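Report on the structure
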Amino acid sequence: MDQSVKEFVIGKVKELMQAPTCCAEAKEAAQNWLDAIGTDKETEQAKQLIAELEMDIMPIEQLIAFSESEAGAQLFGAEKAKSISAHAHEIQSAGAKYCDCPACALVAEILEKKDELV
C-alpha cells in the first residue's frame, strides 16, 4: 500500500474510533487492524476491518426507514426521530447514498481506499 494512502487510512481509522456514533465492533476491528500494521496479520485484519465497516455503514434508505419506525422513535425520541428523518430525506435528495453521521462519513472515506488496503 502506498505510504500516503496508509497514513490517510490510519488517520481516518483513529478518527472513527473516537466518533460518538462508532459501534464497539467497528472500534475493535479498527484497533485490531492498527495493531497488525507491519505484521504478517495486516492483510487479514484489513479484510476483517473492511467487512465490519461494510456491515456498519448505513444506507440512506435504511436510516429513513428506521427513523420513521416505532423503534427509531423509541431509540431517539419522537422529535429527534422526526428531525433525523427530515435530514435523511434532505441529504438523499442531494444524492447521499449513506447516513452522514460522524461514523458513517468516516467509514465511507475509509471504504473508498479498501482496494488499496488488501
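Residues numbered from 1 in each chain as written. Predicted model: local features only at pLDDT ≥ 70, side-chain atom pairs only at ≥ 80, totals over all residues. Heavy atoms only, no water.

Considering the packing of helix α1 (residues 3-18) against helix α7 (residues 102-111)
Remark: α1 packs on α7, axes separated minimally by 9 Å, with the N-to-C direction vectors making an angle of 160°. In terms of orientation, α1 lies roughly antiparallel with respect to α7. Like other packed secondary-structure pairs, α1 and α7 cross with a definite hand, here left-handed. Every residue of α7 that contacts α1 at Phe-8, Val-9, Lys-12, Val-13, Glu-15 and Leu-16 is listed here: Ala-103, Leu-106, Val-107, Glu-109 and Ile-110. (Axes fitted to C-alpha atoms, helices over the stretch in contact; angles between N-to-C directions. Helix = DSSP H or I, 4+ residues; strand = E, 2+ residues; numbered from the N terminus. Parallel < 35°, antiparallel > 145°, perpendicular 65-115°, else oblique. Left-handed = near helix turned anticlockwise from the far one by under 90°. Contact = heavy atoms within 4.5 Å.)

Remarks on the pattern of salt bridges
Counted according to the given criterion, the structure contains 5 salt bridges. The residue Lys-12 makes a salt bridge to Glu-109 at a minimum N-O spacing of 3.3 Å. In this pair, Lys-12 is assigned in helix α1 and Glu-109 in helix α7, connecting sequence segments 97 residues apart. Residue Glu-109 is classed as partly exposed on the basis of its relative accessible area, which comes to 27%. Bridged by salt links that share partners, the residues Lys-12, Glu-15 and Glu-109 form one connected network. (Salt bridge = Lys/Arg side-chain N within 4 Å of Asp/Glu carboxyl O. Buried < 20%, exposed > 50% of the residue type's maximum accessible area, 1.4 Å probe, protein only.)

Describing the state of the cysteines
One pass over the full model with this rule turns up 0 disulfides. For Cys-22, which is in no disulfide, the shortest distance to another cysteine sulfur is to Cys-23 and amounts to 5.5 Å. Cys-101 carries a free sulfur, and the closest cysteine sulfur to it, the one in Cys-99, is 3.6 Å from it. (Disulfide = S-S within 2.5 Å.)

Here's the deal with the packing of aromatic side chains
Applying the stated criterion across every chain, the model contains 1 aromatic pair. Geometrically, the ring pair formed by Phe-66 and Phe-76 is edge-to-face, given 5.8 Å between the ring centres and 80° between the ring planes. In this pair, Phe-66 is assigned in helix α4 (residues 60-67) and Phe-76 in helix α5 (residues 70-76), connecting sequence segments 10 residues apart. For the cation-ring pair, Lys-113 lies above Phe-8, with the distance from its terminal atom to the ring centre recorded as 5.4 Å. (Phe/Tyr/Trp six-rings, centres within 6.5 Å; stacked < 30°, edge-to-face > 60°. Lys NZ or Arg CZ within 6 Å of the ring centre and 35° of its normal.)

This is a description of form; function is not addressed.
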